[in-house]
Amino acid sequence: TTNGHTSGQTIYLGAFAHCTALQEVEICEAGAIGVDSDGKIAFIERDIGDIPAYQLRERKEGWEHAKFVQIQDQGFFFPGFIDTHIHASQYPNSGIFGKSTLLDWLNTYTFPLESSFTDLTKARRIYARVVNRTLSHGTTTACYYATVHVEATNLLSDICLSKGQRAFVGRVCMDQLSPDYYRDESTEAAIEATEACIAHVSKIDPKHHFITPIITPRFAPSCSEGCLSALGKLAKETGLPIQTHISENKSEIELVAEMFPSSKSYTDVYDKAGLLNSKTILAHAVHLTPEERALVRSRDAKISHCPASNTALTSGAAPVRVLLDEGLTVGLGTDVSGGYSPSILEEARQAILVSRHVAMVDGDAAKLSTEEALWLATRGGAKVVGLENRVGGFEVGMDWDAQMISLDVVSEDGELEDAQNKGPVDVFMWESWPDRINKWFYGGDDRNTAAVWVKGRLVHATPKYRG
Ligand code: GUN
Ligand code: FE
């Protein structure tokens, strides 16, 4: 089975932290989390004090033979990150966007690269790298856009499954206003190709333990009304989730108004097509009107906030505080390669910085806190992808999708205590636990991500992880 790599019962010992509410991170300094051979959390001890590990094991009936994974140095376990919006195919273009804005960026950088995924050797090289890279940054679940190509999209599903990343994989549909060299020939072709990708996932992971196909109209301008409605119908028949872009850029919004004159708004275009439901992930949502937000809310559709991309392409600053206050469900998306980084930690920082810019105009209430940004990166993302009962936090019955964060301790002579550990964050050991988490949040990167698990399976480890 796909669980073949899961290794018996394991007890994870040491500090752990996770989000318990939008504004709240729970930190346990001396915890023990028991993970069963099915990858699920079986018990959580919040304060084991100084009990030696073997005694703890003997105290737990049925856990006498469990192995231990002890936190290293001054680190902590943290839930895996959830990237609710990333274009796997655009990964080679990370950082390459010049001064473009959305519509010319698509034509200049994006479509030429995506169109090259007819080359499966190239597709394999890129997809293997982006999955490795996101795993190394602690992304345990990702919502991927692939390209229009069926074979390459199926390859992305295969690679996610074999590397053990939880993924939603979308074959991109675009049957109008796209370049001749990169488009669907017809609505029928788009639907047929989407169905082929759904069938492939049914073969490799029929119960969607790890991989779920996701219906992916690129965005309204690149889909005919017929294509949008057919995809809405397919979503209804299959019950599969949907992902698309919405209200990212002012010119895009004007274009949608021109192209869909009978719709009341951009949001209404999707709603009319049957594409707006509780399994819909809308990326960006920068410029939604109050009426559109109310419609999104009434359909319980979800929002992927992509601040790095919104800044890079000068799309705008999404009003996250307003979205949250109105009861919308929000997670974070790197939007590679509109966004330049594959890291959700970086995205969470960008969410905070963008919120500060919004606050400089709209007032202090707009500011997001570290706790809130971490919540969006984990619990919020889990809700966006409909997995809030499975991942995003540490609760009995949930899956062990987790990362081991390590921090480097400064010795008396100003060197690092473990010279092999050269992460970006120095801890002097007088910091409180919340302060350590803030130092990681603002200064940390994948050098701090010592190990990563999905459903109990080790999917990434650095040399400094002593498993
Ligand atoms: N809108 C339509 N396609 C795209 C894309 O690839 N990236 C972003 N950021 N927005 C889009
Ligand atoms: Fe995008």
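Residues numbered from 1 in each chain as written. Chains lettered and ligands numbered in written order. Predicted model: local features only at pLDDT ≥ 70, side-chain atom pairs only at ≥ 80, totals over all residues.

As annotated in an unreviewed UniProt entry, the chain carries the name Guanine deaminase and is attributed to Aureobasidium subglaciale. What the UniProt record of the chain gives under Function (unreviewed entry) is the line "Catalyzes the hydrolytic deamination of guanine, producing xanthine and ammonia." The UniProt entry for the chain carries this comment under Sequence similarities (unreviewed entry): "Belongs to the metallo-dependent hydrolases superfamily. ATZ/TRZ family." (UniProt positions renumbered as here; feature names shortened; annotations may be inferred.)

**Q** What exactly am I supposed to notice about the overall build of the chain here?
**A** From N to C terminus, the chain includes 14 helices and 20 strands. Taken over C-alpha atoms, the radius of gyration comes to 22 Å for the chain, in line with the 23 Å a tight globule of 467 residues would show. Dimensions of the chain, computed from the C-alpha atoms along their principal axes, are close to 70 × 50 × 40 Å. Counting across all 467 residues of the chain, residues that qualify as buried make up 52%. A separation of at least 24 residues holds for 72% of the contacts in the chain among residues at least 6 apart in sequence. (Helix = DSSP H or I, 4+ residues; strand = E, 2+ residues; numbered from the N terminus. Rg over C-alpha atoms; globule rule 2.2 N^0.38 Å. Buried ≥ 20, exposed ≤ 12 C-beta atoms within 10 Å, placed from the backbone. Contact = placed C-beta atoms within 7 Å.)

**Q** It is not clear to me how the nonpolar core should be interpreted in this structure. Could you clarify?
**A** Inside soluble globular proteins, nonpolar side chains tend to come together where they are buried. Residues Tyr 144, Leu 156, Val 169 and Ala 348 are the most contacted members of the largest nonpolar core, which totals 130 residues. Formed jointly, this core draws a minimum of three residues from each of two domains, domain 1 (10–79 + 393–461) and domain 2 (81–384). If near-sequence neighbours (up to four positions away) are discounted, Tyr 144 is found in contact with Ile 86, Ala 88, Leu 156, Ala 167, Phe 168, Val 169 and Gly 170. (Core = buried A, V, L, I, M, F, W, Y, C linked by C-beta atoms within 7 Å. Domains from an automatic or database assignment.)

**Q** Help me understand the domain arrangement of the chain in this model?
**A** For an interface, size is often stated in terms of accessible area lost upon the parts coming together. Split into domains, the chain comes out as domain 1 (10–79 + 393–461) and domain 2 (81–384). Just the C-alpha atoms count here: the centres of domain 1 and domain 2 sit 31 Å apart. Domain 1 puts 21 residues into the contact, and the matching count from domain 2 is 21 residues. Looking at the side of domain 1 that touches domain 2, the elements with two or more residues in it are strand 2 (24–35), helix 14 (433–443), strand 19 (449–454) and strand 20 (457–461). When grouped by side-chain class, the residues that make up the side of domain 1 that touches domain 2 number nine nonpolar, seven polar and five charged. (Nonpolar A, V, L, I, M, F, W, Y, C, P; charged D, E, K, R; others polar.)

**Q** Honestly, helix 5 (residues 187–204) in this entry has me stumped. Any pointers?
**A** Along an α-helix, residues three or four apart share an orientation, since each turn contains 3.6 residues. Its 18 residues give helix 5 an end-to-end C-alpha distance of 26 Å, which sits within 8% of 26 Å, the value for a rise of 1.5 Å per residue. Along helix 5, the residues classified as buried are Thr 187, Ala 190, Ile 191, Thr 194, Cys 197, His 200 and Val 201. (Expected span 1.5 Å × (residues − 1).)

**Q** I would appreciate a short explanation of the sheet that holds strand 6 (residues 81–87) in the present structure.
**A** Sheet strands line up and pair through hydrogen bonds in the backbone, either parallel or antiparallel. Here we have four strands laid out as an open sheet, ordered 6-7-8-10, and parallel in their pairing. Strands with a single pairing partner mark the edges of an open sheet, and in this sheet they are strand 6 and strand 10 (211–213). The sheet shows a mean angle of 15 degrees between the axes of neighbouring strands, direction not considered. Two elements, strand 7 (residues 139–145) and strand 8 (residues 166–170), share five bridges in a ladder whose sense is parallel. By the bridge assignment for strand 8, Ala 142 is matched with Ala 167. (Pairing = 2+ DSSP bridges. Axes fitted to C-alpha atoms, helices over the stretch in contact; angles between N-to-C directions.)

**Q** Sorry if this is basic, but what is going on with the packing of helix 4 (residues 150–163) against helix 5 here?
**A** A packed helix pair is summarised by two numbers, namely the angle formed by the two axes and the spacing between the axes. Across the interface, helix 4 lies against helix 5 with an axial gap of 10 Å and an inter-helix angle of 25 degrees. Here helix 4 lies roughly parallel to helix 5, going by the angle between them. Seen along the crossing, helix 4 lies across helix 5 with a hand that is right-handed. Every residue of helix 5 that contacts helix 4 at Val 150, Thr 153, Asn 154, Ser 157, Asp 158 and Leu 161 is listed here: Ala 193, Ala 196, Cys 197, His 200, Val 201 and Ile 204. (Parallel < 35°, antiparallel > 145°, perpendicular 65-115°, else oblique. Left-handed = near helix turned anticlockwise from the far one by under 90°.)

**Q** Looking at this model, I keep getting lost on the sheet that holds strand 13 (residues 280–284). Mind explaining?
**A** The strand order 12-13-14-15 describes an open sheet built from four strands, whose pairing is parallel. Looking at which strands have only one partner, the edges of the open sheet turn out to be strand 12 (242–246) and strand 15 (329–332). Strand-to-strand twist across the sheet, computed as the mean angle between neighbouring axes with direction ignored, equals 30 degrees. Bridge count for strand 14 (residues 302–305) against strand 15 is four bridges, and the pairing is parallel.

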